[in-house]
Amino acid sequence: MLLNVDEELAQDYQNELFEAKRRKESNARLKNGTISEEERDVYEELLTQAEIQGNINKINIHIALVQVNEAIDQQDEVALMAGLNSAALSLLEVLPQNSSWYLMQLCNSKEQKMQIAGVPNMLDKSEIQNEVSVANAEAEAHKLRIIAIGQINEAIDQGNPEKTLETLLLPTAKLQDVRPVNARHYQDVLHHAKAQKCKESQDESALLWLDEIQKGISDGNNNIKEAAILAVGTSVINKSLEKGDSQPILMILQSKFGLRLIPECAETYFRKLSEAKNLKAIEDSNESPWIKLVMKNMYDYYYNVETEEGTCDAPKGVVPKTSWLSGEEIQSIVGQVTADYNREQLWLANENLIVQLQARAKGFLVRKNYRERKAYLQSQEPSAIKIQAFWKGYKQRKSYVDRLKVLQGNVAAIVKIQSWVKMWLAKRSYRKRLQYFKDHNNEIVKIQAFLRANKAREDYRTLIGAENPPLTVLRKFAYLLDQSDLDFQEELEVTRLREEVVTKIRSNQQLEKDLNLMDIKIGLLVKNRITLQDVVLHSKKLNKKSKSQLEEMVMVDKQGIKGLSKERRKKLEAYQHLFYLLQTNPTYLAKLIFQMPQNKSTKFMDTVIFTLYNYASNQREEYLLLKLFKTALEEEINSKVDQIQDIVTGNPTVIKMVVSFNRGARGQNTLRQLLAPVVKEIMEDKSLIINTSPVDVYKSWVNQLEMQTGEASKLPYDVTTEQALTHTEVVSKLESSIQSLRAVTDKVLTTIFSSLNMMPYGMRYIAKVLKSSLHEKFPDATEDELLKIVGNLLYYRYMNPAIVAPDGFDIIDITAGGQIHPDQRRNLGCVAKVLQHAASNKLFEGESEHLSSMNTYLSQTYQKFRNFFQAACDVPEPEEKFNIDEYSDMVTLSKPVIYISIEEIINTHSLLLEHQDAIATEPNDLLNELLEGLGPVPDVESFLGEGAVDPNDPNRASTLNQLAKTEISLSLTSKYELREGEDQDLKSLMIKTKRLIVDVIRTQPGDTLLEILETPATTQQESEHLKLAEKRAILDSKTPEKMKRSQSIFEDGQLPLEQKKRKIQRNFRMLEQAGLVSSATKYQEIINEIAKDIRNQRRYRHHRKAELVKLQQTLNALNSKTAFYEEQINYYNTYIKTCLDNLTRKNSRRSIKVDGKEEVKGSKKVKQTSLKYTAARLHEKGVILEIEDLQTNQFKNVMFDITPGEEVGDFEIKAKFLGVEMEKVQLHFQDLLQMQYEGVAVMKMFDKAKVNVNLLIFLLNKKFYGK
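Residues numbered from 1 in each chain as written. Predicted model: local features only at pLDDT ≥ 70, side-chain atom pairs only at ≥ 80, totals over all residues. Heavy atoms only, no water.

## Describing the overall build of the protein chain
A count of helical and extended segments in the protein chain gives 47 helices and 14 strands. Each of the 1267 residues in the protein chain was classed as buried or not, and the buried ones make up 39%. Within the protein chain, contacts between residues at least 6 apart in sequence are counted, and of these 70% link residues at least 24 apart. (Helix = DSSP H or I, 4+ residues; strand = E, 2+ residues; numbered from the N terminus. Buried < 20%, exposed > 50% of the residue type's maximum accessible area, 1.4 Å probe, protein only. Contact = heavy atoms within 4.5 Å.)

Shown next as C-alpha cells:
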C-alpha cells in the first residue's frame, strides 16, 4: 500500500512515474538486447512498489521544498511553518514558538547561498534541517539571555554589587570583559543608566537591554582605567612635590593626565604646584594613605598610594587624604600656568605692533595739545596780561583794607543786622515749608498712610509667613485675640439665625408632610372615599400648628427640664454631655444606625441625626456630620457590601442619608443654582419637542395626517417599534428629535461640568471616601468601575431626580395648583436618560436599538464624565477645609447649641440603652458612664414638669403626644474636658499659658520672651495691666452665659502681672518636660503657636461673616418655601370652602360647620339613630364573610348595633348573641379609608369576625352620609 499520496499532486506523480518507467525500460532494453521476447523479465521493465513509493516521496519532498523556499522568499511565517511541518520533509524539532527564528535563519542562509552561487538557488532538506537546529539553539540562547537580563535588572534595583556581579557573570548573558573587582562601579553605572532610561521614557518599569548593559560594563572599565591612571599620576606628582623633585613632573603630567604642556614652564609648574600643596599641608601623622577621585563627576574612586591599590568602595573608617593636591586641582593649576605663558608669548610675539599703536596715539595727543596751546598764546598779548594782573591786584587789596576798617568800626551793628537777617530768612523758610505742607496736605497724609500701611503689611506678612515670627511683631497684633462687642453681636446673630434656620427647616418638613397628607385626603374626597368633615378637620390642624409651637417651647423653658431646680439642672447637663459625646464621636451613631431595622434607621436619620448636627448650619457641625457620614459609610461598606455593584443595585443607608441631606434645605439651593438656568431654558423653549419613542412618534404622525385631511387614516393605530420604524416620516422625525436631544444634552453637560466648584463639598468628600473605601475593600476593581460608582452617587442619585422632576426639588417655581406640561416633562426625561447612560457608560441596545446612533456620543460623553468624577473626588480633608481639629471647641467663643424635641431625646435615649452592648462594648466606655448617670428613659411629663397636663383631661394622651414634639435647646459641653489623658491636660495647659503670655506682652515690651519674664514690671505697666483686666471683667459680665469662658481661665486673667509671669515660668517647666517647648530656642515654639492663633482668629472672623451671609440666604430661601407652603394652604382652604358651599347648595337639610360638626337647619341638633343588623343580613350583603367558631345557620342569633359617635367619622359597634351584649369596638371611618387606600380588602373585628372593608365603607356611606 502506497503512503503519503496527495490527490492534488496526481499529475506530478504521473509525470515522474512515467519518466521513471521509461528510464527503466530503456535500461532493460540496453541490458537484455540479445534476449528473446519470451526470456525477458517483466520486473526489469516495470516499476516495483518500492520504486513507485520512492518516486512519490521524491515528488512530495520536492513540492515541500518548493513551498518552504517560496515562503522564505515571500517572508510568510505561516506558510513556512506549514512547509516545515510537512510529513514529506520529516524535519526534526520544529517548534511553533520559534517560527520567527526559522524565517530569519533560513532567509540569511538562502541569501548567503545565493551570494556564493551568484544565482537564486533553493535550499535542500539537509540545509533546512541544519538551519532549523541552529535557529532552535539561538532561540533557546535568546530566551536564556532574556532571563539573564531580567535577573541583572532585578539585581541592579536591589543595589547589591555582589548580586549584580553574579548576574553579569551568568554564561547565558554572554557579557564580555566583566571584571569582578569593578563590581561596585558596575552597580553604580548600570543603576544610573537605568534611572536615566526610566526618566527619558517616563516608564518606571523600563529595563536595560543587553547592548546597554554591555556598554555600561565597557564604560565602567574605561572609567576605572582612566581613574587608575589619573590616581597614579596624582600620587607620583604629590610624592615628587614632597621630595622637591621637579624632574618627573613634566613627564607624569603628559603621560598620566594627557595635558598639553610647555617644557619651558616646567619650573613654573613645579613652583605653582608646590605653593598649592603647601597651602593644603597639615600636621597629621595619622593621615590615611587613600586619595579620592570622582569619575565622570558622579562616581567615587579610592586609591592607596602605598599599596597602589584602587577600589570604588569607600574604605571603612578611613578619611581620604586632604593634604595632597587632587587631580582636578593639578589640572587646574597646570592649565592656568599654560594659559598665562601662552598669553605672555602672544604679547611678546606682537610687541612691535603694540609699540607702533602706542606711538601713534601719543603723537596724536601731543600734536593736538600743541595746536591748542599755540592758538591760545597767539590770542593774548603778554603786556596786556601783565598790566591787568597788576591793576587787579591793587584794586583788590585796597577794597579789602577799606572793608576791613568799616567792619572793625561797626561790630555791634553788624551782629545785630546779621541776627535780624538770619531770623527773617529762617521765618521765611519756615513759612514756605509750612505753606508747602498745607498745600500738599492730602499727598502727605497719603504718603504717611502708605508708609504705615506698608510697615503694617510687612509686619503682618512676617507674622503669617515667617517660620519663627519675632516677639515684637507678635506684640503688635496681640490685640486681635480680644473679643470685641462686634464679635459677641455677630456670635449672637449667628446663634439666632442658626436657631431660626433649624426651626424653620423642621417646621417646613412638618408642613410638607401635612400638605402631602392633605393631598391624599383631598384625593380620597374626590374619589368619594372620605368625608368632607375629615378634610376640614385636618385643615384646621394645619392652620393651628404653627401658632402653638412657640407657646409650648416657652412653657417647657419655664417649668420643664430647664426649670430652676438642682435636680432638673443636673438632668439637663447630663443630656448635654450625652449629646456632645454623640456629636463629636461619630462611632456611636454609626454603629447605632446599623443596629436598627431599615425603617427605624431611616426615620432616626431624618430626625435625630440631622437635628443633632443642626442640619450642618455652621462649619463645625458640617465637619462633624461629614465625619459621621465617613465613619458610617466605611462601616456599611465593610460589613454589608459583598460585591462592588451592591452600591448601585441596592439602596445603601448612608448613601441615601447623604443624598437626602445635600438635597435638603442647604443643598437644595446649590442644585437650584446649578440646574435652574438650563432647566428653565429647556422648559421655556416651546418649539422643543423631543420624543424618542418610535410608537409615540408614529401615533402623533397618524393623528396629524387625520387632522390635516379630515379623513380616517388607513394606517393601523397600534403598531410595534419595528413596524413604526419602517415609515420614513417616523425615522425622519426620530432623527430630528435625536439631534435636538444631543444639542440640549450638551447644554446640560456644559452646565454640570463648568459648575464643579458649586457642588456641595460634602457630596464631593463622601464621593472621595466612597471611592477610597471601595478600593480598599476591592483592590482588584478597576478605576472605571470605581468611577461608575462615584457617578451613580454624584449624578444618578443627586442630580438626575432634580432634572426629571424639577418641580419636586424646588429647581423651578410652580404656583399652587400649577404643574409641568407633559411635553416638558418628557423632554427633561429624555435628557436625563441620555445623561444616565453616559454617566454609567451604558450604550443603547435591545429595546433602545433605534437610538444606537448616539452610542458614539455616549462614549465620548462618558470620558468627560470620567474626568468630572475624578476631579470631584479631588478635595481636601475636612480638617484642612474647615481648619478644625479635636481641640477647636476649647478656644471657640460660644458653646455649640442644638434644638431638639422631647420625643427625639426620649427616642435617642431608649435606642442607646437598647443597643448599648453593641455600640459601647468596653465596660469603661464614656458612653456607658453617661447612660448610667442618666438612668432609665424618662417620660414626656418629666420633661414638661408637674401640672403641664391635666390628669383628668380626656384627651390627655393626644395632648402629651402633641407636647412631645416640643423643641428645647441644649448647650452642648464635654463632661471629660480635662479627663482624657495627659495629652489633653498638656493641651489645656498650653492654651492657658498662651493666654497669660498675651496678657503680659501687651503691657510689657521686650525683644524676647525670656527678657520680659526676667525683667520686673514697672508701676505704670502694672497699672495698664490692671486697666486691661478690669476692662475684660466688665466685658465678661456682659457676655451671655453660653459664651462665657471657663472659671479657671477667667481667674488666671485677673492675676497681677508679676504673678502671671511666675505662673508662665512654672508652666514653661512642665511644657518643656513634655517636649512641647524649649528654653534653648527662647520658647519660640509657643510664640509660633500664638501667631497661629492670631491667623486662625482672623480666618474664624471671616468664616463667621460668610456664615452670617449664608445663614441669611438660607433663611430667605426657607421663608420663600414657607410662603409657598402657605400659598398651598390658602389654595386648599379655598378648595374646601368651595366644597362646603357646593354641599350647602346640594343638601339644604344638613350644614357642616368649619369645625367639622353637623347641624340641622334651624340650629337644632339631630340625634343620630343607630343601625341594627343580624349577622345573617350582613352576610347576605357581603359585609361579613365569616365568624370563627360559629356556623352560618347561627348568624341570625347574632345582632350588630352600629351607633355614630360624637365626633364625625367615629362609630361604636356592639355585638349581641341571643340579646346578650358580648363585645363592643370603636371604629374610625378614616382608618377604614386608609386601609382601603393601602389595598387592605379584609379586616378582623372582635378578633373573630372577618369583614369586607369596601362593603363596610359602602354601607356606612349609604346609611349615614347619604352617598
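## Thoughts on the sheet that holds strand β14 (residues 1249-1252)
If you trace the three strands from one edge of the open sheet to the other, you get β9-β14-β13, paired in antiparallel fashion. The outermost strands of the open sheet, each flanked by one partner alone, are β9 (1184-1187) and β13 (1242-1245). Averaged over all pairs of adjacent strands, the angle between strand axes in this sheet comes to 25 degrees, irrespective of strand direction. With three bridges joining them, β9 and β14 adopt antiparallel strand pairing. Following the sheet pairing, I1184 is matched in β14 by V1251. Packed on one face of the sheet, helix α47 (residues 1253-1264) meets β13 and β14 and runs near 70 degrees to β14. (Pairing = 2+ DSSP bridges. Axes fitted to C-alpha atoms, helices over the stretch in contact; angles between N-to-C directions.)

## Describing the packing of helix α2 (residues 49-74) against helix α4 (residues 99-117)
Where α2 contacts α4, the two axes come as close as 10 Å, and the packing angle between them is 95 degrees. With respect to their mutual orientation, α2 and α4 come out roughly perpendicular. Contacts from N69, A71, I72 and D73 of α2 reach α4 at L103, L106, C107 and K110. Residues belonging to the contact of α2 with α4 are distributed by class as follows: five nonpolar, one polar and two charged. (Parallel < 35°, antiparallel > 145°, perpendicular 65-115°, else oblique. Nonpolar A, V, L, I, M, F, W, Y, C, P; charged D, E, K, R; others polar.)

## Observations regarding unusual backbone geometry
The phi torsion at N841 lies on the positive side, around 55 degrees, for a residue other than glycine. Among the structural elements, N841 can be located in the loop between α31 (822-839) and α32 (855-872). Within the chain, K1082 stands out as a residue other than glycine whose phi angle is a positive 60 degrees. Within the secondary structure, K1082 sits in the loop between α43 (1057-1073) and α44 (1084-1146). Residue class for K1082 comes out partly exposed when judged on its relative accessible area of 45%.

## Remarks on helix α20 (residues 586-595)
Summarising burial for α20: seven of the 10 residues are buried, a large majority. Taken residue by residue, α20 has P586, Y588, L589, A590, L592, I593 and F594 as its buried positions.

## Concerning the nonpolar core
Counting 141 residues, the largest nonpolar core has F579 and L927 as the members making the most contacts within it. Of all the elements, helix α30 (residues 783-804) adds the most residues to this core, at 11 residues. Among residues more than four places away in sequence, those in contact with F579 are L612, I898, I900, I905, T908, L970 and L972. (Core = buried A, V, L, I, M, F, W, Y, C linked by side-chain atoms within 4.5 Å.)

## Comments concerning the packing of aromatic side chains
For the structure on display, the rule yields 11 aromatic pairs. Ring centres 5.9 Å apart and planes at 55 degrees place the aromatic pair Y795 and F865 in the tilted group. Placement of the pair is Y795 in helix α30 and F865 in helix α32, with a sequence separation of 70 residues. By relative accessible area, which is 1% here, F865 ends up buried. (Phe/Tyr/Trp six-rings, centres within 6.5 Å; stacked < 30°, edge-to-face > 60°.)

## Section: the sheet that holds strand β2 (residues 299-304)
Spatial strand order, β1-β2-β3: three strands in an open sheet with antiparallel pairing. Looking at which strands have only one partner, the edges of the open sheet turn out to be β1 (290-295) and β3 (309-311). Across the sheet, the axes of successive neighbouring strands diverge by a mean angle of 25 degrees, strand direction being ignored. Pairing geometry for β2 and β3, over three bridges, is antiparallel. Bridge pairing in β3 links Y302 to T311.

## Examining the pattern of salt bridges
Where side chains of opposite charge bring their charged atoms close, a pairing between them can arise. A full pass over the atoms with the stated rule returns 20 salt bridges. D188 serves as the salt-bridge partner of R184, at 3.6 Å between the closest nitrogen and oxygen. Of the two residues, R184 and D188 both sit in helix α7 (residues 183-201), four residues apart, roughly one turn of that helix. Taking the relative accessible area as the measure of exposure, D188 reaches 26% and is therefore partly exposed. (Salt bridge = Lys/Arg side-chain N within 4 Å of Asp/Glu carboxyl O.)

## Structural notes on the side chain of N223
With respect to the secondary-structure elements, N223 resides in helix α8 (residues 210-243). For N223, the residues in contact, after removing those within four places along its chain, are H185, V189, M295, K296 and Y299.

## Notes on the environment of P1056
As for its position among the elements, P1056 is in the loop between α42 (1047-1053) and α43. Relative accessible area serves as the criterion here: at 38%, P1056 is assigned to the partly exposed category. On a C-alpha basis, the gap between P1056 and L1026 in space is 7.3 Å, while along the polypeptide they are 30 residues apart.

## A closer look at the pairing of β13
Alternating positions in β13 separate cleanly, M1243 and M1245 being buried on one face and V1242 and K1244 remaining unburied on the opposite face. Two elements, β13 and β14, share four bridges in a ladder whose sense is antiparallel. Across the sheet, residue K1244 finds its bridge partner in β14, namely K1250. Where β13 hands over to β14, the hairpin turn is made up of three residues, of which F1246 adopts a positive phi near 60 degrees.

## Topic: the packing of helix α28 (residues 728-754) against α32
The relative placement of two packed helices comes down to the angle between their axes together with the axis-to-axis distance. Two elements in contact, α28 and α32, have axes separated by 11 Å at closest approach and are oriented at 10 degrees. Between α28 and α32, the interaxial angle falls into the category roughly parallel. The residues of α32 that touch α28, namely those facing R742, T745, D746, L749, I752 and F753, are Y857, T861, K864, F865 and F868. For the contact of α28 with α32, the per-class residue count stands at six nonpolar, two polar and three charged.

## Topic: a nonpolar patch on the surface
A surface patch of nonpolar side chains, amounting to about 380 Å² of accessible area, comprises I417, V421, W424 and L425. Here W424 shows up in helix α14 (residues 411-439). The class for W424 is partly exposed, based on a relative accessible area of 47%. (Patch = residues over 30% accessible without salt bridge, like charges linked within 9 Å, V, L, I, M, F, W, Y side chains within 5 Å. Areas by Shrake-Rupley, 256 points an atom, 1.4 Å probe, with all protein chains shown as cover.)

## Here we look at the side chain of N136
Its location among the elements puts N136 in helix α5 (residues 125-158). N136 gets classed as buried once you look at its relative accessible area, which sits at 10%. Apart from the residues lying within four places of it in its own chain, the contact partners of N136 are E93, L95, N98 and Y102.

## Focus on the environment of D784
On the secondary structure map, D784 appears in helix α30. Among the residues examined, D784 registers a relative accessible area of 32% and is labelled partly exposed. As a C-alpha pair, D784 and N841 span 57 residues in sequence and 9.5 Å in three-dimensional space. One polar contact links D784 to R866, side chain to side chain, over a distance of 2.5 Å. (Polar contact = N/O pair within 3.5 Å; in protein donor to acceptor, adjacent residues only side chain to side chain.)

## Description of the environment of I682
Along the chain, the position of I682 falls in helix α25 (residues 667-684). You can call I682 buried: its relative accessible area is 7%. Note: C-alpha distance between I682 and T745 (63 residues apart in sequence) is 9.9 Å. Residues within four places of I682 in sequence aside, it is in contact with L688, V744, V748, N827 and L828.

## Things to note about the confidence of the model for the protein chain
On average, residues of the protein chain score 77 in pLDDT, and 82% of them are at 70 or above. Of all secondary-structure elements in the protein chain, the lowest mean pLDDT belongs to strand β6 (residues 1150-1152), at 36, while α14 reaches the highest, 93. A low-confidence stretch, residues 977-984 stays under pLDDT 50, and its non-local contacts, those more than four residues away or across chains, total eight contacts. Between residues 1146-1167, whose pLDDT stays under 50, and residues either more than four places distant or in other chains, the model counts 27 contacts. (pLDDT = per-residue confidence, 0-100.)

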